[in-house]
Amino acid sequence: MPTRINAADFNLAATLECGQAFRWSRGADGWYTGIVGEVWWLRQTGDILEWDCSREPARGREGTATGPRAGSRLQHYLSLDHDLSAIVATFPDEPHLRAAVQKHWGLRVLRQEPWETLASFIASSTKQIVQIRQIVANLARRFGENDAFPAVETIARASLPELQACKLGFRAKYLHAAARRIDRGEIRLAELPAMEYGRALEELLKLDGVGDKIANCTLLFSCGHDEAFPVDVWMKRALKRLPAGTTFGPYAGWAQQYLFYHERTATELN
DNA sequence: CTCCAGGTGGCGC
DNA sequence: GCGCCACATGGA
């Protein structure tokens with residue numbers, strides 16, 4: 001029986017489809033399926049968010065168990081603990097950004113698992129989103145337990161040809177080297193969320209194949225560093241529509257994601 | 001066939 | 001510091 005949560009100022013479809021996560025798929029019945037440690041099912045109808053997962057212990061009956069404890073992991077993952085209106089109020093007052101926010105109102109920046117996020121974005125360079133999804137799915141199917149994203153040590157122990165078979169191309173060596181360094185404890189992903197942003201960025205940039213863009217994606221989409229501001233080809237286009245030198249404030253990453261998704265949906269490319 | 005994709009590192013200048 | 005370019009792979 002799914003847990004039901006009242007989720008105001010939330011847009012599940014935009015949040016899961018805006019390009020920050022690569023493992024969610026929408027079924028014909030409106031349920032989204034993904035893996036967050038275990039399998040999750042999510043569906044939104046108006047302000048009602050339904051959540052089910054494969055491992056959660058039984059919760060009373062008739063789906064009435066909507067206490068804070070039952071959904072705390074969900075609230076954290078979806079950043080439902082943020083006040084969206086307050087975040088948007090910190091954005092620069094600019095027509096193009098306003099339009100993006102209005103169009104996709106309720107989009108929230110996720111807090112995903114850092115290793116999966118870093119690995120996914122290492123795989124992302126000069127790839128289309130549909131291809132990135134395929135690569136991540138290949139990695140999970142080939143190396144993961146129960147189709148979960150493979151652990152750091154699993155990738156660290158994998159051979160380069162095995163990784164190549166997942167269609168990583170020239171990125172395979174970067175992913176492998178990153179896994180090995182993280183597995184050895186040279187880079188501690190678990191410490192990134194509590195680090196100051198600039199320091200966390202520096203830490204990720206130590207990894208070969210991780211530049212400014214991939215590092216910022218990791219910090220924004222998995223570490224709660226809301227000021228992280230990834231700039232890719234789509235963002236370069238979007239930024240041309242704004243006055244030069246526009247600054248975005250402490251939630252720059254959220255503004256970035258609205259602009260990014262607006263840019264992509266406006267040109268209706270996939 | 002050519003061009004491009006949620007980039008990055010190495011090179012020459 | 002800048003501007004090119006290679007890097008694998010598949011879709012348009």
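Note: the structure precedes this text.
This report concerns the structure included in the present document. It should be emphasised that the depicted structure is a prediction, and the values quoted were computed from it without experimental measurement. (Residues numbered from 1 in each chain as written. Chains lettered and ligands numbered in written order. Predicted model: local features only at pLDDT ≥ 70, side-chain atom pairs only at ≥ 80, totals over all residues. Heavy atoms only, no water.)

1. Quick notes on the packing of aromatic side chains
For step 1, the next point in the chain: Going through the model one piece at a time under the given rule, you end up with eight aromatic pairs.
For step 2, the next point in the chain: Between Trp 115 and Phe 149 the ring centres are 6.4 Å apart and the planes differ by 65°, which places this aromatic pair in the edge-to-face class. With Trp 115 in helix α5 (residues 114-122) and Phe 149 in the loop between α6 (129-143) and α7 (152-157), this pair connects stretches of sequence that are 34 residues apart. The same class applies to Trp 115 as to Phe 149, namely buried.
For step 3, the next point in the chain: Ring centres of Phe 229 and Phe 248 lie 5.0 Å apart, and the angle between their planes is 25°; this geometry places the pair in the stacked category. Highlighted residues: Phe 229 in the loop between α11 (212-223) and α12 (233-239) and Phe 248 in the loop between α12 and α13 (252-266), separated in sequence by 19 residues.
For step 4, the next point in the chain: For Phe 248, a relative accessible area of 8% corresponds to the buried category.
For step 5, the next point in the chain: An aromatic cluster of three or more residues is present, and its members are Trp 24, Trp 40, Trp 51 and Tyr 77. (Phe/Tyr/Trp six-rings, centres within 6.5 Å; stacked < 30°, edge-to-face > 60°. Helix = DSSP H or I, 4+ residues; strand = E, 2+ residues; numbered from the N terminus. Buried < 20%, exposed > 50% of the residue type's maximum accessible area, 1.4 Å probe, protein only.)

2. Focus on the protein's contact with DNA strand C
For step 1, the next point in the chain: Around DNA strand C, the surrounding shell consists of Thr 126, Lys 127, Gln 128, Gln 131, Lys 167, Gly 169, Phe 170 and Arg 171.
For step 2, the next point in the chain: The separation between a base oxygen of DNA strand C and a polar side-chain atom of Lys 127 is 2.8 Å.
For step 3, the next point in the chain: One of the backbone nitrogen or oxygen atoms of Phe 170 is found 3.2 Å away from a sugar or linking oxygen of DNA strand C.
For step 4, the next point in the chain: Looking at the surface near DNA strand C residue by residue, the classes come out as one nonpolar, four polar and three charged. (Near = heavy atom within 4 Å. Polar contact = N/O pair within 3.5 Å; in protein donor to acceptor, adjacent residues only side chain to side chain. Nonpolar A, V, L, I, M, F, W, Y, C, P; charged D, E, K, R; others polar.)

3. Overview of the pairing of strand β4 (residues 38-45)
For step 1, the next point in the chain: Relative to β4, strand β3 (residues 32-36) runs antiparallel, the two being bridged by five bridges. Each bridged residue has a counterpart across the sheet, and for Val 36 the counterpart in β4 is Glu 38.
For step 2, the next point in the chain: The antiparallel pairing of β3 with β4 creates a hairpin that spans one residue between the two strands, and Gly 37 there sits at a positive phi of about 80°.
For step 3, the next point in the chain: What sits between β4 and strand β5 (residues 48-53) in their antiparallel hairpin is a turn of two residues, with Gly 46 showing a positive phi close to 65°. (Pairing = 2+ DSSP bridges.)

4. A word on the nonpolar core
For step 1, the next point in the chain: Membership of the largest hydrophobic core comes to 67 residues, with the highest contact counts inside it found for Phe 91, Trp 115, Leu 118, Leu 139, Leu 204 and Leu 219.
For step 2, the next point in the chain: Not counting the four nearest positions on each side in its chain, Leu 139 is found in contact with Gly 144, Phe 149, Pro 150, Ile 155, Leu 163, Cys 166, Leu 168 and Leu 175.
For step 3, the next point in the chain: Judged by nonpolar contacts, the second largest core, of 19 residues, contains Ala 21, Cys 53, Leu 74 and Tyr 77. (Core = buried A, V, L, I, M, F, W, Y, C linked by side-chain atoms within 4.5 Å. Contact = heavy atoms within 4.5 Å.)

5. Overview of the sheet that holds strand β1 (residues 3-6)
For step 1, the next point in the chain: Spatially, β1-β5-β4-β3-β2 is the arrangement adopted by the five strands of the open sheet, whose pairing is antiparallel. The sheet is open, and its two edges are formed by β1 and β2 (25-26), each paired on a single side.

6. Observations concerning the side chain of Arg 171
For step 1, the next point in the chain: Its place among the elements puts Arg 171 in the loop between α8 (160-164) and α9 (172-183).
For step 2, the next point in the chain: There is no salt bridge for the buried Arg 171, and the closest opposite charge comes from Asp 208, which lies 13 Å off by N-O distance. (Lys, Arg positive; Asp, Glu negative; His and termini not counted. Salt bridge = Lys/Arg side-chain N within 4 Å of Asp/Glu carboxyl O.)

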